[in-house]
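Next come the chains, spelled out residue by residue.
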Amino acid sequence: MSFFKNIQTKNQKLIIPFINEKDFELYMKREDLIHPVISGNKFRKLKYNIQSIDKKKQLISFGGAYSNHLLALSYIGKYENLNTVGIVRGEELKNLELNPTLKRCIENGMKLKFVDRNEYRLRNNKVYIKKLKKTYMNSLIIPEGGTNDKGIKGCEEILSDDDRVFFDVICVPVGSGGTFSGLINSSSKKQLVIGFSSLNNSNLKNDIIKFVNKKNWELIEDDVFGGYAKFNQELISFINNFYNITKIKLDPIYNSKMIFRIIDTIKKKKWRFGKRILIINTGGLQSIESFNNLLKNKKCETISFTT
Ligand SMILES: *Cc1c(COP(=O)(O)O)cnc(C)c1O
């Protein structure tokens, strides 16, 4: 399909005060610039999932209230004239005013079905999937986050040949682990791929082992901010400061937490990995609008930019 071209994004050198360029060479791969709505890694993960699909099928997938994945899927659905259904975690959302992410999903023509957390937990269960297929005739079910073999194949296209030669370390934020797995598979054996988890998913490591072909990786699971979409004032200030220094916008759920962690570890002289570091910016800026609504309600400092 025409939307998914072959894309190689550029690496931008990062100049951070207090980090000596002679000690650490930090680069950011600007996957966030691929598309304003199809957040960088969701473009990669949907590419092969969508490319071969039969037009009459409706696409079904799963996500949380700020899901970059559901929004990306709804956008593709609109673009390619495909029906889409989003199964959303949180039955209580049904009765609240929809946040900007979910509103946009609906504007793109996606049907939303809100389910409680127990039902959402069944999203990879074979019996549950069978039932869904009966309810939604002629459907293709894409796993949460687009993480399956086809999604990972797309993420194997993020690194260039030069990247495989130049860098010692590749850093990426982790949700379901698909992007991380694709990077591991396409990295060189000498490189270390570090994943920074944004959620508390005890099974994550086992999921990743199933998808990867090498052992050159490390998963950092203790999110210092307390889990998925959790934040504090320090994180919001960090996002705003980072923007003032670099003019790069970071999302509050994935990339800001990873980069905070990297810079903090280097500053505390605890970085035990290589010095040529490539940070993958996976995008996800659309969640800022929903986040800022939340921050305004709490009378907290807000993020100083939007998408
Ligand atoms: C979905 C998402 C991730 C997590 O990717 P996985 O492949 O699920 O691990 C990271 N960053 C952003 C911006 C995302 O939208």
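The shown structure was predicted, so the numbers you read here are calculated from the model rather than taken from an experiment. (Residues numbered from 1 in each chain as written. Predicted model: local features only at pLDDT ≥ 70, side-chain atom pairs only at ≥ 80, totals over all residues. Heavy atoms only, no water.)

(A) Region of interest: the overall build of the protein chain. The number of helices and strands found in the protein chain is 12 helices and 10 strands. For 307 residues, the compact-globule formula gives about 19 Å, and the C-alpha radius of gyration of the protein chain, at 19 Å, lands near that figure. Seen along its three principal axes, the alpha-carbon backbone of the protein chain occupies a region of about 60 × 45 × 35 Å. Every one of the 307 residues in the protein chain was classed for burial, and the buried ones make up 56%. Long-range pairs, those at least 24 residues apart, make up 74% of the contacts in the protein chain between residues at least 6 apart in sequence. Treating the 52 positive side-chain charges of the protein chain as one cloud and the 31 negative ones as another, the clouds have centres 3 Å apart. (Helix = DSSP H or I, 4+ residues; strand = E, 2+ residues; numbered from the N terminus. Rg over C-alpha atoms; globule rule 2.2 N^0.38 Å. Buried < 20%, exposed > 50% of the residue type's maximum accessible area, 1.4 Å probe, protein only. Contact = heavy atoms within 4.5 Å. Lys, Arg positive; Asp, Glu negative; His and termini not counted. Charge placed at Lys NZ, Arg CZ, Asp CG, Glu CD.)

(B) Structural context of the site of the ligand. Neighbouring residues of the ligand: 15 residues in total, closest Lys 42, Lys 45, Asn 68, Ser 176 and Thr 282. Within the side chain of Asn 41, a nitrogen or oxygen atom sits 3.0 Å from an oxygen atom of the ligand. Between Ser 176 and the ligand, the recorded distance is 2.5 Å, taken from a side-chain N or O atom to an oxygen atom. Look at the ligand: alone it shows 380 Å² of surface, and the protein chains cover 97% of it. (Near = heavy atom within 4 Å. Polar contact = N/O pair within 3.5 Å; in protein donor to acceptor, adjacent residues only side chain to side chain. Areas by Shrake-Rupley, 256 points an atom, 1.4 Å probe, with all protein chains shown as cover.)

(C) Quick peek at the domain arrangement of the protein chain. As assigned here, the protein chain comprises domain 1 (11–36 + 149–297) and domain 2 (41–146). The distance between the C-alpha centroids of domain 1 and domain 2 comes to 25 Å. The interface of domain 1 with domain 2 comprises 25 residues on the first partner and 20 residues on the second. Between domain 1 and domain 2, the buried area comes to about 2,000 Å², and carbon and sulfur atoms account for 51% of it. Counting the surface domain 1 buries against domain 2, the share from its top three residues, Lys 150, Gln 286 and Ser 290, is 26%. In this assembly, domain 1 and domain 2 are joined by three salt bridges. Between Arg 104 and Glu 289 there is a salt bridge, and its shortest N-O distance comes to 2.4 Å. At the boundary of domain 1 and domain 2, one finds 10 residue pairs in polar contact (both at pLDDT 80 or more). Those elements that provide at least two residues to the side of domain 1 that touches domain 2 are α6 (149–155) and α12 (287–297). The class makeup of the residues in the side of domain 1 that touches domain 2 is nine nonpolar, 11 polar and five charged. (Domains from an automatic or database assignment. Buried area = accessible area lost by both parts, 1.4 Å probe. Salt bridge = Lys/Arg side-chain N within 4 Å of Asp/Glu carboxyl O. Nonpolar A, V, L, I, M, F, W, Y, C, P; charged D, E, K, R; others polar.)

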